[in-house]
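Spelled out, the chains give:
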Amino acid sequence: MIAISVGMIVVTLPMIRSEHAGLFSYFRDFADLEEATRDGALPPALSRFVQVGQMWSCDGLNSAAALEAEPQDRARVAQACLARAEAVLDSVPTMSAAHQARAAALYALGETDEAVYAKALSLITGLNEGGLALRRLGLAYQLSAERPFNQGDEADAILILGSAGYRDYLVDYFLYYTDQRDWLVSVLQEQSGNADFLQSLRDRLAEEAAQG
């Protein structure tokens, strides 16, 4: 009995260490993500909880900080995130966060068509997930110079509009992406939550005006 217990410890200890390393790979910003991939790979993770955390972290590949990073550093992180997302999808092919992380990585690597397809898979597998809708729409805005918005992007915008916790991010997109304002207005104008969006927009503009 003791021999069996010792054997189990010998087998599981490396797994615990690996999972511990994965658990602390929730990177606060791109600098953390860049540091964690200096050896070329993200820590492996077995639990779904840790896997999802890593996938959400990889979505930071297209943040402002990532876009300002050295091209070789961003490419290295993108390759690491792509490999990790594909490894996760091998075991959990319906994880929408992994499809979105894969989309972000592919876009960072210049694979636009594949990124669009991966983003669509994220929508199919995570249709009603507001946090992922927000990330998909952010990528759609970045893609909009090369690819027009599609019905999936409209669905994400409407889903975000209906979530009080995420609605203000639509204001961010509206103010930042000036060339795409007409598209967002056309999507939201017939929705029941449009008045809430407009109020949030007025509040934001008033705040900015007060700050000078």
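Residues numbered from 1 in each chain as written. Predicted model: local features only at pLDDT ≥ 70, side-chain atom pairs only at ≥ 80, totals over all residues. Heavy atoms only, no water.

1. Concerning the overall build of the protein
Then comes step 1: Summing up its helical and strand segments, the protein has twelve helices and zero strands in all.
Then comes step 2: Mapped in sequence order, the helices and strands of the protein form the string α-α-α-α-α-α-α-α-α-α-α-α.
Then comes step 3: By residue count, 44% of the 212 residues in the protein fall in the buried class.
Then comes step 4: Pairs at least 24 apart in sequence give 67% of the contacts found in the protein among residues at least 6 apart. (Helix = DSSP H or I, 4+ residues; strand = E, 2+ residues; numbered from the N terminus. Buried < 20%, exposed > 50% of the residue type's maximum accessible area, 1.4 Å probe, protein only. Contact = heavy atoms within 4.5 Å.)

2. Quick notes on the pattern of salt bridges
If the charged atoms of two oppositely charged side chains come close together, the side chains can form a pair.
Then comes step 1: Here the structure, examined in full by the defined rule, presents eleven salt bridges.
Then comes step 2: One salt bridge connects arginine 102 with glutamate 86, and the closest N-O pair in it is separated by 3.1 Å. With arginine 102 in helix α6 (residues 96-108) and glutamate 86 in helix α5 (residues 71-91), this pair connects stretches of sequence that are 16 residues apart.
Then comes step 3: Residue classification places arginine 102 among the buried residues on the basis of a relative accessible area of 17%.
Then comes step 4: With a relative accessible area of 33%, glutamate 86 lands in the partly exposed category.
Then comes step 5: Across the pair aspartate 113 and arginine 147 runs a salt bridge, and its minimum N-O distance is 2.3 Å. Remark: arginine 147 occurs in the loop between α8 (130-143) and α9 (151-161) and aspartate 113 occurs in helix α7 (residues 112-125); sequence separation between them is 34 residues.
Then comes step 6: Classification of arginine 147 by relative accessible area gives partly exposed; the value is 28%.
Then comes step 7: Look at the salt bridges and you will find they share partners, linking Glu34, Glu35, Arg38, Asp73 and Arg76 into a network. (Salt bridge = Lys/Arg side-chain N within 4 Å of Asp/Glu carboxyl O.)

3. Quick look at the packing of helix α10 (residues 167-176) against helix α12 (residues 194-210)
Think of two packed helices as two axes; the pair is described by the angle between the axes and how far apart they sit.
Then comes step 1: One can describe the packing of α10 onto α12 by two numbers: an axis separation of 9 Å at closest approach and a directional angle of 60°. For the element pair α10 and α12, the recorded crossing hand is right-handed. For the pair α10 and α12, contact is made by Arg167, Asp168, Leu170, Val171, Asp172, Phe174 and Leu175 and by Asp196, Phe197, Ser200, Leu201, Arg204, Leu205 and Glu208, respectively. (Axes fitted to C-alpha atoms, helices over the stretch in contact; angles between N-to-C directions. Left-handed = near helix turned anticlockwise from the far one by under 90°.)

4. Some thoughts on the state of the cysteines
Then comes step 1: With the rule as written, the count across this model stands at one disulfide.
Then comes step 2: Between the sulfur atoms of cysteine 58 and its disulfide partner cysteine 81 the distance amounts to 2.1 Å. Because the torsion about its S-S bond is -85°, the bridge between cysteine 58 and cysteine 81 counts as left-handed. Note that cysteine 58 is positioned in helix α3 (residues 48-58) and cysteine 81 in helix α5, a separation of 23 residues in sequence. With respect to class, cysteine 58 is no different from cysteine 81; both count as buried. (Disulfide = S-S within 2.5 Å.)

5. Section: the confidence of the model for the protein
Then comes step 1: Of all residues in the protein, 87% have pLDDT values of 70 or greater, and the mean over the chain is 85.
Then comes step 2: Counting interchain partners and residues more than four positions distant, the pLDDT-below-50 stretch residues 1-26 has 20 contacts. (pLDDT = per-residue confidence, 0-100.)

6. Brief notes about α8
Three or four residues apart is the spacing at which side chains of an α-helix point the same way, because the helix has 3.6 residues per turn.
Then comes step 1: Between the first and last C-alpha of α8 there are 20 Å, a value that for 14 residues agrees with the 20 Å anticipated at 1.5 Å per step.
Then comes step 2: Buried residues dominate α8, accounting for 13 of its 14 residues. (Expected span 1.5 Å × (residues − 1).)

7. Here we look at the nonpolar core
Then comes step 1: Counting residues in each nonpolar core, the largest one holds 29 residues, and the members touching the most others are Met55, Leu61, Cys81 and Met95.
Then comes step 2: Broken down by secondary-structure element, the contributors of at least two residues to this core are α2 (30-36), α3, α5, α6, α7 and α8.
Then comes step 3: Top element by residues in this core is α6. It accounts for eight residues.
Then comes step 4: Setting aside chain neighbours within four positions, we find leucine 61 in contact with Phe30, Ala66, Arg74, Val77, Ala78, Cys81, Ala104 and Ala105. (Core = buried A, V, L, I, M, F, W, Y, C linked by side-chain atoms within 4.5 Å.)

8. Some remarks on α12
Then comes step 1: The terminal C-alpha atoms of α12 lie 24 Å apart, and with 17 residues this matches the ideal 24 Å at 1.5 Å per residue to within 8%.
Then comes step 2: Buried residues along α12 sit against α9, α10 and α11 (181-188).
Then comes step 3: Within two residues after α12, glycine 212 carries a phi angle of roughly 80°, on the positive side.

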